[in-house]
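Each chain, letter by letter, is given below.
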Amino acid sequence: LTVSHDITNKRAWAPCFSIDGVKLPTGYYFGMSATTGDLSDAHDVISIKTYELDTADGVSKEERPNIQPETEFVVTPQREHKEDPEESTSGIKKFFIGLLVILGIIVVVVVGIMIYQKRQENIRKRFY
């Protein structure tokens, strides 16, 4: 199994990875997924091209749909474990929180002014 990519769309395929001894039956589907974390980004899969270069020794094309998917060995990437970063607030979330804080302050100030004016009016009425 060999996976290649053409990121620059120049029809120059660069190998991504290659694994020997992979047996895949016919009639299965390929799936793609991607994640970007907090940032929103679009990942478009323009096309997927598959080619049957050769059939495994001892397997006829009629038997191909009945074989079990398998590989001779599994390659695990040797990477150090990193903890997931704590969720940070996104820009839109910060904007709405700030907007709610400002609206809350405005409401408190308006209510405070109304109470102050009502008290001043009541104080003036006592002197008449």
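Residues numbered from 1 in each chain as written. Predicted model: local features only at pLDDT ≥ 70, side-chain atom pairs only at ≥ 80, totals over all residues. Heavy atoms only, no water.

Q: Tell me about the overall build of the chain, and name the residues and values.
A: A tally of regular secondary structure across the chain gives one helix and four strands. Along the chain, from the amino end to the carboxyl end, the secondary structure elements read β-β-β-β-α. Counting across all 128 residues of the chain, residues that qualify as buried make up 3%. (Helix = DSSP H or I, 4+ residues; strand = E, 2+ residues; numbered from the N terminus. Buried < 20%, exposed > 50% of the residue type's maximum accessible area, 1.4 Å probe, protein only.)

Q: Describe in detail the side chain of Asp6, supporting the description with residues and values.
A: Tracing the chain through its elements places Asp6 in the loop between β1 (2–5) and β2 (14–18). Despite its burial, Asp6 pairs with no opposite charge; the closest candidate is Arg11, at 6.6 Å N-O. Looking at Asp6, its side chain comes within polar contact range of the main-chain nitrogen of Arg11, at 2.9 Å. Setting aside anything within four residues of it in sequence, one finds Asp6 in contact with Arg11, Ala12 and Trp13. (Lys, Arg positive; Asp, Glu negative; His and termini not counted. Salt bridge = Lys/Arg side-chain N within 4 Å of Asp/Glu carboxyl O. Polar contact = N/O pair within 3.5 Å; in protein donor to acceptor, adjacent residues only side chain to side chain. Contact = heavy atoms within 4.5 Å.)

Q: Go over the environment of Glu70 with me, naming the residues and quoting the values.
A: Relative to the elements of secondary structure, Glu70 occurs in strand β4 (residues 70–71). Glu70 sits 45 residues away from Pro25 along the chain, and the two C-alpha atoms are 9.4 Å apart. Once residues within four sequence positions are removed from consideration, Glu70 is found in contact with Gly21, Val22 and Lys23.

Q: Describe unusual backbone geometry, and please don't skip the residues or the numbers.
A: Unusually for a residue other than glycine, Arg11 sits at a positive phi of about 55°. If you trace the backbone, Arg11 turns up in the loop between β1 and β2.

Q: Tell me about the confidence of the model for the chain, residues and numbers included.
A: Mean pLDDT over the chain stands at 78; residues scoring 70 or higher make up 84%. Element-level mean pLDDT values for the chain span from 77 in strand β3 (residues 22–23) up to 90 in helix α1 (residues 91–126). (pLDDT = per-residue confidence, 0-100.)

Q: Break down a nonpolar patch on the surface for me, with residues and values.
A: On the surface, Ile92, Phe95, Phe96, Leu99, Leu100, Ile102, Leu103, Ile106, Val110 and Met114 cluster together to form a nonpolar patch covering roughly 1,000 Å² of accessible area. Within the element layout of this structure, Phe95 appears in helix α1. A relative accessible area of 52% places Phe95 in the exposed class. (Patch = residues over 30% accessible without salt bridge, like charges linked within 9 Å, V, L, I, M, F, W, Y side chains within 5 Å. Areas by Shrake-Rupley, 256 points an atom, 1.4 Å probe, with all protein chains shown as cover.)

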